[in-house]
Amino acid sequence: MAGPPLGFPTGPEDLLVDADGTPLRIDKAFSWEAPMSAHGMMHMVITNAHKGDPYPIDTLFMYMANMGWNSSMNYPARSPC
């Protein structure tokens, strides 16, 4: 897989998608769903890995990732009850 563009994507050719538009990265960074994700979407990795979206995985290794910080950005909504 080619690396992400340096800075922000300047056109569709900078996106990391396959021929039919499916994201190549599990966090969907630099895809049509998150085209301006200049630093990736680390907070979506565990959620997408659990769902098998955009593809199922067998093993997830995370290196130098502070999920206690990053996962606070994508917590599920809870009812006030």
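Heads up: the structure comes first, above all this text.
In what follows, the accompanying structure is described. Remember, it's a predicted structure, so these values are computed and weren't measured experimentally.

**Looking at a nonpolar patch on the surface**
1) Next: Together, Met42, Ile46, Tyr55, Ile57, Leu60 and Met62 line one region of the surface with nonpolar side chains, adding up to about 460 Å² of accessible area.
2) Next: Structurally, the position occupied by Met62 is in the loop between helix 1 (45-51) and helix 2 (67-70).

**Quick word on the environment of Gly21**
1) Next: One can find Gly21 in the segment before helix 1.
2) Next: Taking the relative accessible area as the measure of exposure, Gly21 reaches 27% and is therefore partly exposed.
3) Next: Placed 10 residues apart in sequence, Gly21 and Ser31 show a C-alpha to C-alpha distance of 7.7 Å.

**Digging into the environment of Met44**
1) Next: Counting through the fold element by element, Met44 comes out in the segment before helix 1.
2) Next: Counting along the chain gives 17 residues from Met44 to Asp27, while the straight-line C-alpha distance between them is 5.3 Å.

Parameters at a glance
- Residues numbered from 1 in each chain as written.
- Predicted model: local features only at pLDDT ≥ 70, side-chain atom pairs only at ≥ 80, totals over all residues.
- Heavy atoms only, no water.
- Patch = residues over 30% accessible without salt bridge, like charges linked within 9 Å, V, L, I, M, F, W, Y side chains within 5 Å.
- Areas by Shrake-Rupley, 256 points an atom, 1.4 Å probe, with all protein chains shown as cover.
- Salt bridge = Lys/Arg side-chain N within 4 Å of Asp/Glu carboxyl O.
- Helix = DSSP H or I, 4+ residues; strand = E, 2+ residues; numbered from the N terminus.
- Buried < 20%, exposed > 50% of the residue type's maximum accessible area, 1.4 Å probe, protein only.

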